[in-house]
Amino acid sequence: MILSSSWVIPVSSPPISEGAVVLDGERIQDLGPTAEMLRSYPGQQVRDFRGAALLPGLVNVHSHLELTLLRGYLEDLAFWDWIQRLTRTKYELLTREDLGISALAGVCEAIRSGVTTLGDAMDLGTSLDALTASGLRGVLFQEIFSPRPEESDDRLSDLEGKLANLEERIGFTTAGRNGPAGDRSTRINLGVSPHAPYSVSGTLFRKVQQWAASRDLPVCIHVAESEDESLLIEEGRGPMAETLRSRGIQWSAPECSPVQYLHRLGVLSRRTLLVHCVRLGAADFPILKQSGVAVAHCPKSNWKLGHGWMDLKQVFRAGIPLGLGSDSVASNNSMDLFEEMRFSLFNPSWFGRRDGPLDAGGTGEVFAAEKALHLATLGGARALGLSGSTGSLETGKQADLIAVDLTGIHTMPVYSPVTAIVHSARSSDVILTMVGGEVLFENGTVTTLDEPDLKKRVGRILQKMKPAGPA
Ligand SMILES: [Zn+2]
């Protein structure tokens, strides 16, 4: 099949005006000017997306699909109140079945928004069902919590059991995947997520890290997100410290930055994805660079929860692998990578510099629309360890792509398709979402999910949550 359009934006190479992508099953066979592709591959079915741009599917490196039902439910709370209320709602009010609906609603939104790959932190495993049902690609990080050092052996064995269960569900054996080619479960990779320095003891961090290293599993950790977390780690005080003390949990502050704390514990490596990194000190950048970690930048969530902003310029200049994440819609309140791209461009670290507002400084490299699109695609794929198979339109890569309509009055006139996509387009301008050559969204319909039924089921859960909702 040949997909043609007014523009093809491969991301790893310059945009092609009047371009086409040739598909061979789940992979990209070729791409180039439409006339050339039609000559080289005669007799193929051609689908034309006039007025649209074809580009790699967006990569959301940090989501919490299980929390989709909490969109708009936890507003205007201080961070520590927000996180405690979120935890109570998830575990005391909602059932596993509800969280399954939540994850399905989340993937439905992702597909409509042009997201083809997710890095999702989950506890109850429902994201796996949602990804398999929807056809999306992703790395699913099994969460683990416990600030009590004495529980670390038990929690590690829980984690091992949960991973074994997930592996069985995706047909994974020690010899590798046993699913047939094209099987949707082959689009899923697994990892682990010791949640954060305030919810996981140092002992448990070390044990999880050693176990993950022995299995070569990717690891996702929330770090340097809030002032409360910094107070806990640097000074052993603040609301998080008070809660730990009130629960009788031993805590001795390491008196360093959160990133330095993780570094001292030995948990930072090339397999680590650090989420947030809002509160970074000068000494943290060399640690991030030398340990080889990737960073999930979640600008909208950081602003909405009142944490502020990551020093994107310094992280970018240090050459640290970077992707964009929406975080959960409980703190965003949408999964819209177009908005995250714009937030990255409007990051205050670009402001007021002598070299100009968007210059990356000293490198001659300008952080403009192309860079934001790179973060949302190939950069994200690299941060998740998937850039060999997705994140750009290249021969041999998986056919993970989207079409974005640029004929709307809000995107016209189009001088540059990249500028139009990054600065003017909305997630609702996505008209095609494809993963591994499988169409997940077209003609306004998500093809793999029963969206009308899903909406009804979300409505029924809303009735249950309303009485217990925010005052
Ligand atoms: Zn998160």
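1. A few points about helix α9 (residues 258-265)
Part 1 of the reasoning: Listed in full, the buried residues belonging to α9 are Pro258, Val259, Tyr261, Leu262 and His263.
Part 2 of the reasoning: On the buried face of α9, the contacting elements are β11 (219-223), α7 (227-235) and α10 (284-291).
Part 3 of the reasoning: Where α9 terminates, the next one or two residues include glycine 266, which has phi positive at roughly 80 degrees.

2. Notes on the pairing of strand β2 (residues 16-24)
Part 1 of the reasoning: Relative to β2, strand β1 (residues 2-8) runs antiparallel, the two sharing six bridges. Opposite isoleucine 2, over in β2, you have valine 22 as the bridge partner.
Part 2 of the reasoning: With six bridges connecting them, β2 and strand β3 (residues 27-33) associate as antiparallel partners. Its bridge partner being in β3, valine 21 is matched across the sheet by leucine 31.
Part 3 of the reasoning: Here β2 folds back onto β3 in antiparallel fashion, the turn holding two residues, of which glycine 25 has a positive phi close to 65 degrees.

3. Quick word on the environment of threonine 445
Part 1 of the reasoning: Its location among the elements puts threonine 445 in strand β18 (residues 445-446).
Part 2 of the reasoning: Residue class for threonine 445 comes out exposed when judged on the 12 C-beta atoms lying within 10 Å of it.
Part 3 of the reasoning: The sequence separation of threonine 445 and leucine 432 amounts to 13 residues, and the corresponding C-alpha distance is 9.4 Å.

4. Focus: the domain arrangement of the protein chain
Part 1 of the reasoning: Looking at the assigned domains, one finds that the protein chain contains domain 1 (2-56 + 392-436) and domain 2 (58-383).
Part 2 of the reasoning: In this structure, domain 1 and domain 2 have C-alpha centres spaced 30 Å apart.
Part 3 of the reasoning: Tallying the contact residues gives 20 residues for domain 1 and 23 residues for domain 2.
Part 4 of the reasoning: Elements that contribute at least two residues to the side of domain 1 that touches domain 2 include exactly β15 (401-405), α15 (417-424) and β16 (430-435).
Part 5 of the reasoning: The element that contributes the greatest number of residues to the side of domain 1 that touches domain 2 is α15, accounting for five residues.
Part 6 of the reasoning: Across the side of domain 1 that touches domain 2, the residue classes break down as 10 nonpolar, seven polar and three charged.

5. Some remarks on the nonpolar core
Part 1 of the reasoning: Grouped together as the largest cluster of nonpolar side chains are 136 residues, with contacts concentrated most on Val21, Leu54, Val107, Val295 and Val404.
Part 2 of the reasoning: Ignoring anything within four residues of it in the chain, the contact list for valine 295 reads Leu274, Cys277, Leu288, Val315, Ile320 and Leu322.

6. Remarks on the environment of isoleucine 111
Part 1 of the reasoning: Looking at the element boundaries, isoleucine 111 is found in helix α3 (residues 96-112).
Part 2 of the reasoning: Classification of isoleucine 111 by C-beta neighbours within 10 Å gives buried; the count is 25.
Part 3 of the reasoning: Ignoring sequence-local partners within four residues, the contact set of isoleucine 111 consists of Ser134, Leu136, Thr433, Leu440, Phe441 and Val446.

Conventions and cut-offs
- Residues numbered from 1 in each chain as written.
- Predicted model: local features only at pLDDT ≥ 70, side-chain atom pairs only at ≥ 80, totals over all residues.
- Buried ≥ 20, exposed ≤ 12 C-beta atoms within 10 Å, placed from the backbone.
- Helix = DSSP H or I, 4+ residues; strand = E, 2+ residues; numbered from the N terminus.
- Contact = placed C-beta atoms within 7 Å.
- Pairing = 2+ DSSP bridges.
- Domains from an automatic or database assignment.
- Nonpolar A, V, L, I, M, F, W, Y, C, P; charged D, E, K, R; others polar.
- Core = buried A, V, L, I, M, F, W, Y, C linked by C-beta atoms within 7 Å.

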